[in-house]
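A look at the structure
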Amino acid sequence: MAEYPLASQSLSLGRYEADVLSLVKSWDESGNVARLWKRDASLFSGADEARWMAWLDIVDEQLKDTSHLAKATADAATGNSGQPFAHVVVLGMGGSSLCPEVMALTFGDKSGHPKLLVLDSTVPAQVRALDKRLEMKSTAFVVASKSGGTIEPNSFKQYFFDRSTQSQGLEGAGKHFIAVTDPGTKMQKIAEGDKFRAIYYGLPEIGGRFSALSNFGMIPAASAGIDAIGFLKCAKVMVRACGANVAAKDNPGVLLGLTLGQLAKAGRDKLTLITSPGISGLGAWLEQLIAESTGKLGKGIVPVDGEKVAEPATYGNDRLFVYSRLATAPDAAQDAAVAKLRDAGHPVITIDVPTTLHLGQEFFRWELATAAAGAVLGINPFDQPDVESAKIVARSLMEAYEKSGSLPSDEPMLSEGDVKLYTDAANAKALQTAVGDKADVAALVKAHLARIGAGDYFAINAYIEMIPAYDEHLQAMRHAVRAAKKSATTVGYGPRFLHSTGQLHKGGPNNGVFLQITSDDAEDLPIPGQKYTFGILKAAQAQGDFAVLAERDRRILRVHLGPDIAAGLKKLRAWVEAAVK
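The next subject is the sheet that holds strand E8 (residues 302-304). Reading across the sheet, the five strands line up as E1-E10-E9-E7-E8 and stay open at both edges, with mixed pairing between neighbours. Every other strand in the sheet has two partners, leaving strand E1 (8-12) and E8 as the edge strands with one partner each. With strand direction ignored, the average angle separating the axes of adjacent strands in the sheet is 20°. Inspection of the sheet shows E1 paired to strand E10 (residues 348-353) by five bridges, in the antiparallel sense. Across the sheet, the residue bridging to Ser12 is Val348, located in E10. Packing of helix H13 (residues 332-343) onto the sheet brings it into contact with E1, strand E7 (270-275), strand E9 (319-326) and E10, and relative to E9 it is tilted by some 150°.

Put into structure tokens, the structure is as follows:
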């Protein structure tokens, strides 16, 4: 293992150091590291934690026999009739798609191997944009679904299998599809019936967000020519460093987790992720892991990904910064900015990542850290009880659509051109009281943002296409709010964030102020074999999300942009920036 050095970490915790060291000492005296590795549920909430912890052993299990990874690499490079595939597209959601996304963004294209792409959006424009990039005859699709019943990857499969059938006939289409799923699922049966090219299995004892080093992360990586075997060998160095016999004070994963948990309890619960440009994709994966694992029972750590690092005075006293620094390609401006944060007294953890291959070490470090943080918070880090709540509402809306041909519609609180504002009765009353007779869109947006207080975070949840032109407006809005309020900010694209921060939004503490953004679809897209379309599915998911947030007494306002999303975002940005000047 000497060829793979251990990625080091350093902690600068200031006045929090003594409490963290006390917690570390307590863990060592109680033998808690060994208890964690023994899957002792009493270390967490005493529920079913033990059955979800096979991720602790997955690196060793994978390395016992790597033939499936070598096969995936060779198979994608060979393609059909000796012609390598040009693209490998992961059709997934949440834990099934975020690790492949990190790998694609970090490692890029490998000569002689297909380009790795990921689809995790039901927005019709997003699906259509991907379709236009692809030549069906030279594309392999990896349908990734642990349960086999998740509506998004199943819908993606239906759409692209139909497209492949049109291009190559029913017999030929299956040769372009690969399944990664748990044994015995509906997806396995579909894959067998449609004569998929290959089926790779996950472990039922590993939840989606802990599955990066399992086949859900490694099969797409290997298919794209990324050195998955070397990735796992490098990860094994971290597994050993975090072992059951390594004291908490010397254990990289446990020490990080105890620090996260202790500082969250002390009010530093906005975990602000700073990553070198070369590994910037890591942030979205961490966001899901941390938010969905810790955000429940009114507790939670809020991961903040994508904020530009700023001067120390820009931030409130609720931040903990973690800087993942790529040693081979550091950013000098980030180094200087993080040094300022440290010198100003903000708690800062710096992780030196030697190479991009060391992301395997980071996956394991953070999985173990998240489990340890869950133990400190007294929650089960392996369940997601509130994710299902929005799915239930969305399913009922879909059933209503299939019966009536339309989704239930609400009256807008206010309209201005194509832009419409919606909220529930409780939020409407609070906003109307704040604005009085001046009830125009600008005034209501200002009143909504005025509700952000100390310790709160501002979340933009946008059910629109993920493209740079739109993201520029969303980022401008979040940073304007941060500058004015000193509050943490997040940007999530729907529906993918439902499988990530959605759990925290609904199950975590009531310290979020939410701006949901929806729009009309300029052109919808049918889902073969279904009465509903991608646009209807997306709209039902947004309505389900909103309904549960309102039910949980969250401060939420929905802004519906109409069909011209660019124009609507430009207006909304102007209202937000004016509101917080």
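Of all hydrophobic cores here, the largest spans 97 residues; its most connected members are Trp27, Trp55, Met103, Trp285, Phe363, Phe364 and Trp366. It is helix H14 (residues 359-377) that contributes the most residues to this core, twelve residues altogether. Beyond its immediate sequence surroundings of up to four residues, Trp366 is in contact with Leu256, Leu260, Leu271, Leu273, Trp285, Leu286, Leu289, Ile290, Val322 and Ile351. Membership of the second largest hydrophobic core comes to 34 residues, among which are Phe458, Val481, Val491 and Leu561.

Strand order in the open sheet formed by six strands is E11-E12-E16-E15-E13-E14, and the pairing between neighbours is mixed. Looking at the sheet topology across the chains shown, the edges are occupied by strand E11 (414-416) and strand E14 (488-493). With strand direction ignored, the average angle separating the axes of adjacent strands in the sheet is 15°. Across the sheet, helix H21 (residues 565-579) is in contact with E11, strand E12 (419-422), strand E15 (512-518) and strand E16 (555-560); its angle to E15 comes to roughly 155°.

In this structure, E11 lies alongside E12, joined through three bridges in antiparallel fashion. In the sheet register, Ser415 faces E12, and the bridge partner there is Lys420. In this antiparallel pair of consecutive strands, E11 and E12, the connection spans two residues, and Gly417 shows a positive phi of 65°. Pairing of E12 with E16, which is carried by three bridges, proceeds in the antiparallel orientation. Within the sheet, the bridge partner assigned to Tyr422 lies in E16 and is Arg558.

This part covers unusual backbone geometry. The peptide bond linking Gly494 to Pro495 adopts the cis configuration, its omega dihedral lying at 5°. Looking at the element boundaries, Pro495 is found in the loop between E14 and helix H19 (502-507). In this model, Leu297 sits at a positive phi of 55°, which is unusual for a non-glycine residue. Topologically, Leu297 is positioned in the loop between helix H12 (282-294) and E8. In this structure, Asp553 takes a positive phi of about 60° despite not being glycine. Mapped onto the secondary structure, Asp553 falls in the loop between helix H20 (534-551) and E16.

The geometry of helix H10 (residues 228-241) relative to H14 is characterised by a closest axis approach of 7 Å and an angle of 40° between their N-to-C directions. The pairing of H10 with H14 is recorded here as oblique in orientation. Here H10 runs over H14; the crossing is right-handed. Residue-level inspection shows Phe231, Cys234, Ala235, Val237, Met238 and Val239 of H10 in contact with H14, the latter providing Leu359, Gly360, Gln361, Glu362, Phe363, Phe364 and Arg365. A class-by-class count of the residues in the contact of H10 with H14 yields nine nonpolar, two polar and two charged.

Thresholds applied
- Residues numbered from 1 in each chain as written.
- Predicted model: local features only at pLDDT ≥ 70, side-chain atom pairs only at ≥ 80, totals over all residues.
- Heavy atoms only, no water.
- Pairing = 2+ DSSP bridges.
- Helix = DSSP H or I, 4+ residues; strand = E, 2+ residues; numbered from the N terminus.
- Axes fitted to C-alpha atoms, helices over the stretch in contact; angles between N-to-C directions.
- Contact = heavy atoms within 4.5 Å.
- Core = buried A, V, L, I, M, F, W, Y, C linked by side-chain atoms within 4.5 Å.
- Buried < 20%, exposed > 50% of the residue type's maximum accessible area, 1.4 Å probe, protein only.
- Parallel < 35°, antiparallel > 145°, perpendicular 65-115°, else oblique.
- Left-handed = near helix turned anticlockwise from the far one by under 90°.
- Nonpolar A, V, L, I, M, F, W, Y, C, P; charged D, E, K, R; others polar.

Nothing here speaks to function; it is geometry throughout.
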